[in-house]
Amino acid sequence: MSCCDTCSNYQYDEDYECYVCMVDLDEDDMGRFLKGGSFDCSFYQLDNEYLVVRKQM
């Protein structure tokens, strides 16, 4: 499982029928991402639904 799987920006696109990143990476970030290895995305946001529920209580 990659870090993208737990990111809130990684959403299902019904047109492509798969999950895609909703953030437009610049050319340098995309190059590092495509090379693989350890890529620290500066747009990563933990997709934690329970965090929202805790704030509502």
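Below, the structure is looked at part by part. (Residues numbered from 1 in each chain as written. Predicted model: local features only at pLDDT ≥ 70, side-chain atom pairs only at ≥ 80, totals over all residues. Heavy atoms only, no water.)

**Brief notes about the overall build of the chain**
In step 1: Across its full length, the chain holds two helices and two strands.
In step 2: Counting across all 57 residues of the chain, residues that qualify as buried make up 12%.
In step 3: Of all intrachain contacts in the chain linking residues separated by at least 6 positions in sequence, the fraction that spans at least 24 positions is 41%.
In step 4: Entry remark: accessible area of the chain is about 5,300 Å², with carbon and sulfur atoms responsible for 50%. (Helix = DSSP H or I, 4+ residues; strand = E, 2+ residues; numbered from the N terminus. Buried < 20%, exposed > 50% of the residue type's maximum accessible area, 1.4 Å probe, protein only. Contact = heavy atoms within 4.5 Å. Areas by Shrake-Rupley, 256 points an atom, 1.4 Å probe, with all protein chains shown as cover.)

**As for the side chain of D13**
In step 1: Within the secondary structure, D13 is located in strand 1 (residues 10–13).
In step 2: Buried charge without a salt bridge: D13, with R32 as the nearest opposite-charge side chain at an N-O distance of 23 Å.
In step 3: There is a polar contact of 2.9 Å between the side chain of D13 and the backbone nitrogen of D15.
In step 4: Apart from residues lying up to four places away in sequence, D13 is in contact with C18 and V20. (Lys, Arg positive; Asp, Glu negative; His and termini not counted. Salt bridge = Lys/Arg side-chain N within 4 Å of Asp/Glu carboxyl O. Polar contact = N/O pair within 3.5 Å; in protein donor to acceptor, adjacent residues only side chain to side chain.)

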